Amino acid sequence: MIKMEKKLYTALVNVQGGRDGKAVSSDQNLNVDLRYPKELGGDGAGTNPEQLFAAGFAACFEGAMGTILRKRNIKTEGVKIASQVTLGKDADDGYVLAITMDITIKGVETSVAEEIVAEAHRVCPYAKATRGNIEVISNVVG
């Protein structure tokens, strides 16, 4: 386990009702209805934990990439991540997650983009937290 030496920020989100409830952050900036997706028998009339995780992971990962790009003084024409989180079952019929990110770094050679993505996996807190726990696939697509 990696021990936290210095706290920088703490997010507080109150959830009530689970997958059929509501999530509200202490600053009110996040205020979403939670609903089962249609694929899991719900009405799909709200967001779900997998969407929130996909957004959070991709945003954090892109932030890590930005830090690396700035440190290396590499200019880009933009970064885009298409993030997919899949809920599935393991061999014991337990629930598991997997994430796939299709990453585009415009204006950067593919080999350099692959280096940036590999380094971001070592820097990003989400990548560190999930390492060895779930399948994480990163595809440099542009």
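The shown structure was predicted, so the numbers you read here are calculated from the model rather than taken from an experiment.

A. The arrangement of the layout of surface pockets in detail. Approximately 490 Å³ is the volume found for the largest pocket. If you go around the largest pocket, you meet 13 residues; those closest to its centre are Met4, Lys6, Leu8, Tyr9 and Pro125. Top element by residues in the lining of the largest pocket is helix α3 (residues 125–130). It accounts for four residues. A class-by-class count of the residues in the lining of the largest pocket yields nine nonpolar, one polar and three charged. Counted as a void, the second largest pocket has a volume near 190 Å³. In this structure, the second largest pocket is lined by Val13, Val15, Gly18, Arg19, Ala23, Leu30, Leu34, Pro49, Leu52, Ala55 and Gly56. Secondary-structure elements contributing two or more residues to the lining of the second largest pocket are β1 (13–16) and α1 (49–71). Per-element tally for the lining of the second largest pocket: the top contributor is α1, with four residues. Class assignment of the residues belonging to the lining of the second largest pocket gives a composition of eight nonpolar, two polar and one charged.

B. Main features of the nonpolar core. Core analysis: the largest hydrophobic core is formed by 22 residues, its most contacted members being Phe61, Met65, Ile81, Met101, Ile103 and Ile105. Residue assignment for this core shows that the elements contributing at least two residues are α1, β4 (78–89), β5 (95–106) and α2 (110–123). When residues in this core are grouped by element, the largest group, nine residues, is from α1. When neighbours within four sequence positions are excluded, Ile103 is seen to be in contact with Phe61, Met65, Lys80, Ile81, Val117, Ser138, Asn139, Val140, Val141 and Gly142.

C. Expanded view of the packing of aromatic side chains. Under the defined criterion, the tally for this structure stands at four aromatic pairs. Between Phe53 and Phe57 the ring centres are 5.9 Å apart and the planes differ by 85°, which places this aromatic pair in the edge-to-face class. Residue Phe53 and its partner Phe57 are both found in helix α1; the two are separated by four residues, about one turn of the helix. Here Phe53 falls in the partly exposed class, since its relative accessible area comes to 22%. Phe57 sits in the buried class, given a relative accessible area of 0%. Through successive ring pairs, a cluster of aromatic residues spans Phe53, Phe57, Phe61 and Tyr126. A cation over a ring is seen here: Lys89 above Tyr95, with NZ or CZ 4.5 Å from the ring centre.

Parameters at a glance
Residues numbered from 1 in each chain as written. Predicted model: local features only at pLDDT ≥ 70, side-chain atom pairs only at ≥ 80, totals over all residues. Heavy atoms only, no water. 1 Å grid on protein atoms, 1.4 Å probe; cavity = no way out; pocket = protein on both sides within 12 Å on 5 of 7 lines; lining within 4 Å. Points joined across faces, edges and corners; volume = space filled by probe spheres on them. Helix = DSSP H or I, 4+ residues; strand = E, 2+ residues; numbered from the N terminus. Nonpolar A, V, L, I, M, F, W, Y, C, P; charged D, E, K, R; others polar. Core = buried A, V, L, I, M, F, W, Y, C linked by side-chain atoms within 4.5 Å. Buried < 20%, exposed > 50% of the residue type's maximum accessible area, 1.4 Å probe, protein only. Contact = heavy atoms within 4.5 Å. Phe/Tyr/Trp six-rings, centres within 6.5 Å; stacked < 30°, edge-to-face > 60°. Lys NZ or Arg CZ within 6 Å of the ring centre and 35° of its normal.

The quantities given are spatial measurements derived from coordinates; they are silent on function.
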